[in-house]
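Remarks on the overall topology
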Amino acid sequence: MNNLLTWIIDTLNATALSDWVMNNAVVFPALEIAHFLGLSLLFGSLLIVDLRVVGFAKTLPIRHVEKFIWWAIIGFGINLISGLLFVVGDSDRYLINIAFWAKMGVIILAGLNTLYFMKRTKPQLDAGLESNQLTKSAHAIAWLSLICWTAVIILGRFIPYVE
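Residues numbered from 1 in each chain as written. Predicted model: local features only at pLDDT ≥ 70, side-chain atom pairs only at ≥ 80, totals over all residues. Heavy atoms only, no water.

Secondary structure summary: the protein chain contains 8 helices and 0 strands in total. Element order for the protein chain, N to C, with α for helix and β for strand: α-α-α-α-α-α-α-α. Taken along the three principal axes of its C-alpha coordinates, the protein chain extends 55 × 30 × 25 Å. Looking at the protein chain residue by residue over its 163 residues, the buried ones come to 38%. Residue pairs at least 24 apart in sequence account for 78% of intrachain contacts in the protein chain once pairs closer than 6 positions are excluded. As presented, the protein chain carries roughly 9600 Å² of accessible surface, and 73% of it is formed by carbon and sulfur atoms. (Helix = DSSP H or I, 4+ residues; strand = E, 2+ residues; numbered from the N terminus. Buried < 20%, exposed > 50% of the residue type's maximum accessible area, 1.4 Å probe, protein only. Contact = heavy atoms within 4.5 Å. Areas by Shrake-Rupley, 256 points an atom, 1.4 Å probe, with all protein chains shown as cover.)

We now examine the packing of helix α2 (residues 16–23) against helix α3 (residues 27–54). It is at 6 Å that the axes of α2 and α3 come closest, and there the two elements cross at 85°. It follows from the interaxial angle that α2 and α3 lie roughly perpendicular. When α2 is examined against α3, the residues W20, V21 and M22 are found in contact with a partner set consisting of V27, F28 and L31. (Axes fitted to C-alpha atoms, helices over the stretch in contact; angles between N-to-C directions. Parallel < 35°, antiparallel > 145°, perpendicular 65-115°, else oblique.)

Per the stated rule, a full pass over the model turns up 5 aromatic pairs. Seen in terms of ring centroids, F28 and F86 are 5.0 Å apart; in terms of plane orientation they differ by 50°. Their pairing is tilted. Highlighted residues: F28 in helix α3 and F86 in helix α5 (residues 68–89), separated in sequence by 58 residues. As far as the burial class goes, F28 and F86 line up, both buried. Plain terms: the ring middles of F100 and W101 are 5.1 Å apart, the flat faces sit at 75° to each other, and that makes the pair edge-to-face. The exposure class of W101 is partly exposed, given its relative accessible area of 44%. These aromatic residues form a ring-pair network of at least three members: F28, F86, Y94, F100 and W101. (Phe/Tyr/Trp six-rings, centres within 6.5 Å; stacked < 30°, edge-to-face > 60°.)

Take the pattern of salt bridges next. Two side chains with opposite charge may pair up if their charged atoms get near one another. Considering all chains together, one arrives at 1 salt bridge under this definition. When the shortest N-O distance is used, the salt bridge between R93 and D90 registers 3.8 Å. A relative accessible area of 28% means that R93 is categorised as partly exposed. The buried category is assigned to D90, whose relative accessible area is 13%. (Salt bridge = Lys/Arg side-chain N within 4 Å of Asp/Glu carboxyl O.)

Turning next to the environment of E163. If you trace the backbone, E163 turns up in the segment after α8 (136–158). Owing to a relative accessible area of 62%, E163 belongs among the exposed residues under this scheme. With 122 residues separating them in the primary sequence, E163 and L41 have C-alpha atoms 29 Å apart. Beyond its immediate stretch of four places on either side in the chain, E163 contacts R93 and N97.

Core analysis: the biggest nonpolar cluster contains 14 residues, and V21, L31, Y94, L95 and F100 have the highest contact counts within it. If you list the elements that add at least two residues to this core, you get α1 (3–13), α3, α5 and α7 (98–126). Apart from the residues within four sequence positions on either side, L95 is in contact with L5, I8, I9, L12, V87, F100 and W101. With 12 residues, the next largest nonpolar core counts V54, V65, F117 and I141 among its residues. (Core = buried A, V, L, I, M, F, W, Y, C linked by side-chain atoms within 4.5 Å.)

Below, the structure is given as structure tokens:
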């Protein structure tokens, strides 16, 4: 392990926040619950939006599923906070784990995909277009979102088993 990573891990382990997360019987399980609930909000909401964009549930107007975007943002926020606390609390596990870094890479890709969605697809939705009127890139963005977030879930499950 390189010196910078060792220094970061040692620094994080020496914080009161790390001590609070790892040495309090309630905190880590509560973070696990929060992370799962955040993931459920995030993925469940995106599942509804993305599947509607690609053409499922055609009788449901797209403008109605757009409301789920805010739930996805709330879920992401919960996961961001709980995930950061996991890393601070147990940096020995996370910062040396290849599955963790792969997960972070996919989250960045999903974030870039979301920015593209907001810039290119969201205006089409705001204009009242239905899935059969959306561009092919809108459909590709929705499929990529589903693939990325599924990969994030899978990679997250690998973290405890890959060292």
